[in-house]
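The residues making up each chain are set out below.
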Amino acid sequence: MGSRAPELSSEIDKLRVQLLNNVQVLTDCLRVEEEISHREILTRIENIILGIVTSLSKDEAPVLALPNRSSWANVSFDSAIGLQMSSGSSVSTIRSDCPSSVTKFAQILKILSVIYRLVQSNSYATKRDIYYNNTQLFGSQTTVDSIVDDISCMLKVPRRSLHVLATSKGLIAGDLRYMEEDGTRIDCHSSSAAVAVSSNISGIRNIVSSAKFVMIVEKDATFQRLLDDDFCTKLCPCIIITGKGVPDVNSRLMVRKLWDTLHIPIFALVDADPHGIEIMCIYKYGSVAMSFEAHSLTVPSVMWLGLLPSDLQRLRVPEDALIPLTKRDESKLSSLLKRPYLTSQPDWQKEMELMQQTRVKAEIQSLAAIAPDFLTSIYLPNKLRYGGWV
């Protein structure tokens, strides 16, 4: 299969040239904000506490204002960045004298105090550490996760600068070597098993790779199949990564880090269903909830490699491998088609409209109905050889 590598690379190389022509423009738009100093972060926290103390001194109930992270009304779209929080976004007020919000007020103050100590001492903690710091107050891990993001948004500080780490769920494999912040050398090619995505992406350095492209894989099952088939070396040097469904922030940061460092094409391999399309859109354009960190999380150059709705017809995937769209699927598809970024992606629109018309969806595994090894032996090599992405 080694002889196929140059042939496979030609269309990918053409794509890379196109992307590199846009890199300078994108880099100017996406100038990542300078690392905020420890002193500045501490000052911003102190100003919030000062506001609370001032309110108390006036015999007024303290109130915290959090930008609303769940509203599309607070988000604007820029094709070079993706979904980003608008400067005049609406806020939710968390009152200390209101029974429905007093607990959240206390939770925010507690986590602010933890972050203050972490930044001051230049040490790190995981979100899980914070939860176990006071399980009775927080009640659940998801509460801590959400409040850390709220605080990051409120302080206008990237979460990694708050010294709070999250355990990664993503996996990565292929032609990639790098060094973690603590000096650990990672070789993603040296073992048959994948490597867990780092919990501290900003600390990664000395990235070395001769990969021709990165492929985001929606599902862990498909990712493992590619590993088993030695996809990363048989076809041509490449990197594969999965966030195991809806990606966590670390998986998204890693994809962005690879793009910033290597400037090679990034493809998405997702199910031909509304859920898979939405996951791909999160990598490419970001999410409403994390729009305040769009500059470091989105990769607008991501291309849709498959599974395309048009592939189902073109390849004559057997009918018994297709699944009818549910009412929920149809609703999700309609919602996606109304998203602001779809106007800049007419080819994606066509594919989604085709799904609407045929009213069927399919998982990547449906290709096995044509032949057991169809995905790795025929589908992906041909897609990459002939430029079958949109």
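Owing to the predicted nature of the structure, the values given are computational and were not obtained by experimental measurement. (Residues numbered from 1 in each chain as written. Predicted model: local features only at pLDDT ≥ 70, side-chain atom pairs only at ≥ 80, totals over all residues. Heavy atoms only, no water.)

Undergrad: Please explain the pairing of strand β3 (residues 82–85) as it appears in this structure.
TA: Within a regular beta strand, the side chains point alternately toward one face of the sheet and then the other, so they alternate between its two faces. Strand direction decides the pairing type here: strand β2 (residues 75–78) and β3, joined by four bridges, are antiparallel. Within the sheet, the bridge partner assigned to Asp78 lies in β3 and is Gly82. The hairpin turn running from β2 into β3, its antiparallel successor, is three residues long. (Pairing = 2+ DSSP bridges. Helix = DSSP H or I, 4+ residues; strand = E, 2+ residues; numbered from the N terminus.)

Undergrad: Could you clarify how one ought to interpret the UniProt feature "domain: Spo11/DNA topoisomerase VI subunit A N-terminal" (unreviewed entry) in the chain in this entry?
TA: Per the UniProt record, the feature "domain: Spo11/DNA topoisomerase VI subunit A N-terminal" (unreviewed entry) sits at residues 104–164. Across residues 104–164, the secondary structure splits into 72% helix and 5% strand, with the terminal C-alpha atoms separated by 19 Å. (UniProt positions renumbered as here; feature names shortened; annotations may be inferred.)

Undergrad: I tried to follow helix α9 (residues 249–262) on my own but got confused; where do I start?
TA: Between the first and last C-alpha of α9 there are 20 Å, a value that for 14 residues agrees with the 20 Å anticipated at 1.5 Å per step. Of all 14 residues in α9, 11 are buried, a share of seventy percent or more. Buried within α9 we find Val249, Asn250, Ser251, Arg252, Leu253, Met254, Val255, Arg256, Leu258, Trp259 and Leu262. Residue His263 follows α9 closely and has a positive phi angle near 50 degrees. (Expected span 1.5 Å × (residues − 1). Buried < 20%, exposed > 50% of the residue type's maximum accessible area, 1.4 Å probe, protein only.)

Undergrad: Would you mind showing me how to read the nonpolar core here?
TA: In globular proteins that are soluble, nonpolar side chains generally tend to be buried together. Ile172, Met215, Phe231, Ile240, Met254 and Phe267 are the most contacted members of the largest nonpolar core, which totals 87 residues. If near-sequence neighbours (up to four positions away) are discounted, Met254 is found in contact with Ile172, Leu176, Tyr178, Val197, Ile201, Ile204 and Ile241. Counting residues in each nonpolar core, the second largest holds 30 residues, with Ile36, Leu64, Leu118 and Ile130 among its members. (Core = buried A, V, L, I, M, F, W, Y, C linked by side-chain atoms within 4.5 Å. Contact = heavy atoms within 4.5 Å.)

Undergrad: When you look at unusual backbone geometry in this model, what are you seeing that I'm missing?
TA: Among all residues except glycine, the phi angle is most often negative; among peptide bonds, the trans geometry is most common. That bond from Gly306 to Leu307 is cis: its omega, -5 degrees, falls within 30 degrees of zero. Checked against the element boundaries, Leu307 lands in the loop between β15 (303–306) and α12 (309–314).

Undergrad: How should the sheet that holds β15 be read in this particular structure?
TA: Read across the sheet, six strands follow the order β10-β7-β13-β12-β14-β15 without closing on themselves; strand pairing throughout is mixed. Only two strands of the sheet have a single partner each, and these edge strands are β10 (195–196) and β15. Contacts between α9 and the sheet are confined to β7 (171–174), β12 (214–217), β13 (239–242) and β14 (266–269), with β13 contributing the most and set at about 155 degrees to the helix. Sheet strands in contact with helix α15 (residues 374–386) are β12, β14 and β15, and its direction is about 145 degrees off that of β15. (Axes fitted to C-alpha atoms, helices over the stretch in contact; angles between N-to-C directions.)

Undergrad: I'm lost on the sheet that holds strand β9 (residues 185–187) in this one. Help?
TA: The strands making up a sheet associate through hydrogen bonds between their backbones, and the pairing can be parallel or antiparallel. Taken in spatial order, the three strands make up an open sheet running β9-β8-β11, and their pairing is antiparallel. Taken across any chain shown, the strands that pair with only one partner, and hence form the sheet edges, are β9 and β11 (205–208). Each adjacent strand pair in this sheet contributes to an overall mean axis angle of 10 degrees, direction not counted. With three bridges connecting them, strand β8 (residues 177–179) and β9 associate as antiparallel partners. Bridge pairing links Tyr178 to Ile186 in β9.

Undergrad: What is the right way to read the packing of helix α10 (residues 274–285) against helix α14 (residues 346–358) from this model?
TA: Between two packed helices, both the angle of their axes relative to each other and the distance between the axes serve to describe the pair. At a minimum axis distance of 12 Å, the contact between α10 and α14 shows a crossing angle of 165 degrees. Relative to α14, α10 is oriented roughly antiparallel. The crossing of α10 and α14 is left-handed. The segment α10 lies against α14, with Pro274, Ile277, Met280, Cys281, Lys284 and Tyr285 engaging Trp348, Met352 and Met355. Its residues assigned to classes, the contact of α10 with α14 comprises eight nonpolar, no polar and one charged. (Parallel < 35°, antiparallel > 145°, perpendicular 65-115°, else oblique. Left-handed = near helix turned anticlockwise from the far one by under 90°. Nonpolar A, V, L, I, M, F, W, Y, C, P; charged D, E, K, R; others polar.)

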